[in-house]
Amino acid sequence: MMKDKSNVIFIAEIGLNHNGNFGLIFELIKQAAWSGADIAKFQLGWRANKNEMNCLSEDDIKHIFRCCENFSIEPMFSIFNEDALNLAKKFSFNYFKIASRTVVDDIKLSQRIIDQDKETFISLGMWDSEELPFEPAENIKYLWCKSNYPAYPWDLTELPKDFDDSPYYGLSDHSVGIDIPLMAISRGAKVIEKHLTLDKSDVTIRDHALSATPDEFLQMVKIGTQIRINLDIGV
């Protein structure tokens, strides 16, 4: 279930930051939980063919669930194709994520994900229409996103000035550092998705450079939570 609307949901995007070494999944989930994240997110169906770095099997998914249960953190998956959706449907969990790439490339798959009736966070970084892509539904939460890797401050001038007066529930962040997510919370964002890494200098994939370390993520959670509290009491 979603947190009370006065709280901020923090999503640690682990994604492919395991670099294909699934032995790191336990440590990444542990660090996500210890950093204050509510949700640990992985990707299903992206770079997932045989011998690719993110070829997660059913046993790997079971391992993710066991690790999340051990550290009392919710699992979530971005779904990129039909096989990934069918695999995910074998498990019981509360959240889906739809990447903006999937919204653009496969709108029918995106609708089928929404129709699973789980809380579904949808990034719109690659969506270039002023119209929202789906009919209103209680389980949809749109996230503002800039699909640059990384996204620099001058790329982010369209970040909503007031999330409560926008279609966006929160931010899927690709910026360097934690200042942009904290700005978003101060403007009313109630969900922050931020990549988590064990090593920002890792060049295996580009996502490490725009990720937060566990210490940075924890600082973001602590400050962001207090910002939300201050807003709620009228500061």
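A quick note: this is a predicted structure, and the numbers were derived from the prediction, not measured.

1. A short note on the pairing of strand β3 (residues 74-79)
Counting buried positions over the 6 residues of β3 gives 5, a clear majority of the element. Here strand β2 (residues 39-44) runs beside β3; their pairing, made up of 6 bridges, is parallel. Of the residues in β3, the one forming a bridge with Gln43 is Ser78. Each parallel crossover has a hand, and the one from β2 via helix α2 (residues 58-70) to β3 is right-handed. Crossover connection from β3 via helix α3 (residues 82-88) to parallel strand β4 (residues 95-98): handedness right-handed.

2. Brief notes about the packing of aromatic side chains
For any pair of aromatic rings, the description consists of the separation of the ring centres together with the inter-plane angle of the planes. Throughout the structure, instances matching the rule amount to 10 aromatic pairs. Between Trp46 and Phe80, the aromatic rings sit 5.3 Å apart at their centres with planes inclined by 35°, giving tilted as the arrangement. Separated by 34 residues along the polypeptide, Trp46 in the loop between β2 and α2 and Phe80 in the loop between β3 and α3 bring together distant segments of the chain. The buried category is assigned to Phe80, whose relative accessible area is 16%. Relative to Trp154, the ring of Tyr152 has its centre 5.4 Å away and its plane inclined at 20°; by these criteria the two rings are stacked.

3. Description of the pattern of salt bridges
A full pass over the atoms with the stated rule returns 11 salt bridges. Across the pair Lys194 and Asp173 runs a salt bridge, and its minimum N-O distance is 2.8 Å. One end of the pair, Lys194, is in strand β8 (residues 191-195); the other, Asp173, is in strand β7 (residues 170-173), with 21 residues separating them in the sequence. With respect to class, Lys194 is no different from Asp173; both count as buried.

4. Quick word on the packing of helix α6 (residues 179-186) against helix α7 (residues 214-232)
Remark: α6 packs on α7, axes separated minimally by 9 Å, with the N-to-C direction vectors making an angle of 15°. Between α6 and α7, the interaxial angle falls into the category roughly parallel. Viewed along their axes, α6 and α7 form a crossing whose handedness is right-handed. When α6 is examined against α7, the residues Pro181, Leu182, Ile185 and Ser186 are found in contact with a partner set consisting of Met220, Ile223, Gly224, Ile227, Arg228 and Leu231. Tallied by class, residues from the contact of α6 with α7 come to 7 nonpolar, 2 polar and 1 charged.

5. A few points about the pairing of β7
Burial of the side chains of β7 extends over both faces: Gly170 and Ser172 are buried on one face and Leu171 and Asp173 on the other. Two strands pair when backbone bridges link them, and β7 and β8 are joined in this way by 3 bridges, in the parallel orientation. In the strand pairing of β8, Asp173 is matched with Lys194. The parallel pair β7 and β8, bridged by α6, forms a crossover whose chirality is right-handed.

6. Looking at helix α5 (residues 107-114)
Considered for burial, the residues of α5 that qualify are Leu109, Ser110, Ile113 and Ile114. Each buried residue of α5 sits inside an arc of 145° when the element is viewed along its axis, so together they form one side. Close packing links the buried residues of α5 with β3, α3, β4, α4 (100-105), β5 (119-123) and β6 (140-145).

7. Side note on the environment of Tyr169
Following the sequence through the fold, Tyr169 ends up in the loop between β6 and β7. Given the relative accessible area of 22%, Tyr169 is considered partly exposed.

8. Some thoughts on the side chain of Thr102
Tracing the backbone shows Thr102 in helix α4. Not counting the four nearest positions on each side in its chain, Thr102 is found in contact with Ile79, Phe80, Ile107, Leu109 and Ser110.

9. Thoughts on the sheet that holds β3
The strand order around the closed barrel formed by 8 strands is β1-β2-β3-β4-β5-β6-β7-β8, and the pairing between neighbours is parallel. Neighbour to neighbour, the strand axes of the sheet diverge by 25° on average, direction disregarded. In terms of strand pairing, β6 meets β7 through 3 bridges, oriented parallel. Bridge pairing in β7 places Leu143 opposite Gly170. Packed onto the sheet, α2 meets β2 and β3 and runs at close to 145° relative to β3. Sheet strands touched by α6: β1 (9-13), β7 and β8. Its angle to β7, the strand with the most contacts, is close to 170°.

Rules used throughout
- Residues numbered from 1 in each chain as written.
- Predicted model: local features only at pLDDT ≥ 70, side-chain atom pairs only at ≥ 80, totals over all residues.
- Heavy atoms only, no water.
- Buried < 20%, exposed > 50% of the residue type's maximum accessible area, 1.4 Å probe, protein only.
- Helix = DSSP H or I, 4+ residues; strand = E, 2+ residues; numbered from the N terminus.
- Pairing = 2+ DSSP bridges.
- Right-handed = clockwise from strand over helix to strand, strands pointing away.
- Phe/Tyr/Trp six-rings, centres within 6.5 Å; stacked < 30°, edge-to-face > 60°.
- Salt bridge = Lys/Arg side-chain N within 4 Å of Asp/Glu carboxyl O.
- Axes fitted to C-alpha atoms, helices over the stretch in contact; angles between N-to-C directions.
- Parallel < 35°, antiparallel > 145°, perpendicular 65-115°, else oblique.
- Left-handed = near helix turned anticlockwise from the far one by under 90°.
- Contact = heavy atoms within 4.5 Å.
- Nonpolar A, V, L, I, M, F, W, Y, C, P; charged D, E, K, R; others polar.
- Arc of directions from axis to C-beta.

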